[in-house]
Amino acid sequence: MNNDLKTGTTNLRIAHLYAHFLNIYGDKGNIIALVKRANWRNIDVEVVAIDLNQKLDYNYFDIFFVGGGQDKQQQIIASDLKSHGHGLKEAIASGAVILSVCGGYQLLGHYYRPHQGADLEGISLIDAFTVAGNKRMIGNVVIERENGLQLVGFENHSGKTYLGKDVKALGKVITGNGNNGEDKLEGVCQAIGSGFVYGTYLHGSLLPKNPHLTDEIIRCALRRRFGEINLTKLDDKLETLAHDKALHFQA
Ligand code: GLN
């Protein structure tokens, strides 16, 4: 069922998980892009920063966002995120969307094995695991999705993520390392029930320079409470300019 946007009644609710811990390399820019591209369509947005030891009304939110951070920040939040594992799985299965970047992405799998210290247990939302590699993978990245559209971003991680055989990658690596610098896969884009899990190593931040992905996430998230919504087309001149500039950074 296609609904034209009912202005004033349609709103988006975003939970920014560990906003004060996992926000390295400007990952908060993803929240700004989601808010702006929704507001430009008269969709109200409520963003709630979720801290450690905070109760979470899992069914209230349409989008959960978790950014990247160094091993130290990951160690601080890992057990708290684990405590939300069941609730997040249920929320995603009932139609919510999670977008996770780098350190946050790594913790959606079974575990992250850092260089030192014990494994950090993930929430096993996706069948994947990560082990810290010997070299840091740093630089500009271009990936291509199944729909042929390209995503651009910047990676800085030592973790190497390996996806289970039934897990769909966000895209295939054109330039850069992606998940592990070996299998030419980057990120994850996995339907779970009626919701979606997006994970990526692309900082930058990811969404401002990739407007089609931002709109895809907004559409997926709105579906949960409003059904299919036709998002009005925006003038993406600036976003496209930034995207194409980033494409030309590639070696
Ligand atoms: N600490 C993790 C790694 O180095 C994640 C880093 C990040 O979030 N940029 O792989």
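None of these values were measured; they are calculated from a predicted model.

Conventions we followed
- Residues numbered from 1 in each chain as written.
- Predicted model: local features only at pLDDT ≥ 70, side-chain atom pairs only at ≥ 80, totals over all residues.
- Heavy atoms only, no water.
- Helix = DSSP H or I, 4+ residues; strand = E, 2+ residues; numbered from the N terminus.
- Buried < 20%, exposed > 50% of the residue type's maximum accessible area, 1.4 Å probe, protein only.
- Contact = heavy atoms within 4.5 Å.
- Pairing = 2+ DSSP bridges.
- Near = heavy atom within 4 Å.
- Polar contact = N/O pair within 3.5 Å; in protein donor to acceptor, adjacent residues only side chain to side chain.
- Areas by Shrake-Rupley, 256 points an atom, 1.4 Å probe, with all protein chains shown as cover.
- Nonpolar A, V, L, I, M, F, W, Y, C, P; charged D, E, K, R; others polar.

A.B. asks: Where do I start with the environment of Ile-126 in this structure?
C.D. replies: Topologically, Ile-126 is positioned in the loop between β7 (120–121) and β8 (128–144). Owing to a relative accessible area of 2%, Ile-126 belongs among the buried residues under this scheme. Once you skip the residues sitting within four places of it in the chain, Ile-126 turns out to touch Tyr-105, Leu-108, Gly-109, His-110, Val-188 and Val-197.

A.B. asks: Can you walk me through the pairing of β8 in this structure?
C.D. replies: In summary, the side chains of a regular strand alternate between the two faces of the sheet. When strand β6 (residues 111–113) meets β8, the two strands line up parallel, connected through two bridges. When the sheet's bridge partners are listed, Arg-113 is paired in β8 with Val-131. In this sheet, strand β9 (residues 150–163) lies alongside β8 in antiparallel orientation, the contact comprising 13 bridges. Looking at β9, one finds that Phe-129 is bridged to Tyr-162. Counted between consecutive antiparallel strands, the loop separating β8 from β9 contains five residues, among which Gly-148 sits at a positive phi close to 85°. As defined by bridge partners, β8 adjoins strand β10 (residues 171–175) across three bridges and the pair is classed as antiparallel.

A.B. asks: Any chance you could explain the site of the ligand here in plain terms?
C.D. replies: Taken together, 16 residues sit near the ligand, with Gly-69, Asp-71, Gln-74, Cys-102 and Gly-159 positioned nearest. Between the ligand and Gly-69 there is a distance of 2.9 Å, counted from an oxygen atom to a backbone nitrogen or oxygen. At a separation of 3.0 Å, a nitrogen atom of the ligand approaches a polar backbone atom of Asn-156. In isolation the ligand offers 300 Å² of accessible surface; the protein chains occlude 100% of this area. Of all the elements in the fold, those that place two or more residues in the shell around the ligand are α2 (71–83), α4 (103–106) and β9. Here the element with the most residues in the shell around the ligand is β9; it accounts for four residues. The residue inventory of the shell around the ligand, partitioned by class, reads three nonpolar, 11 polar and two charged.

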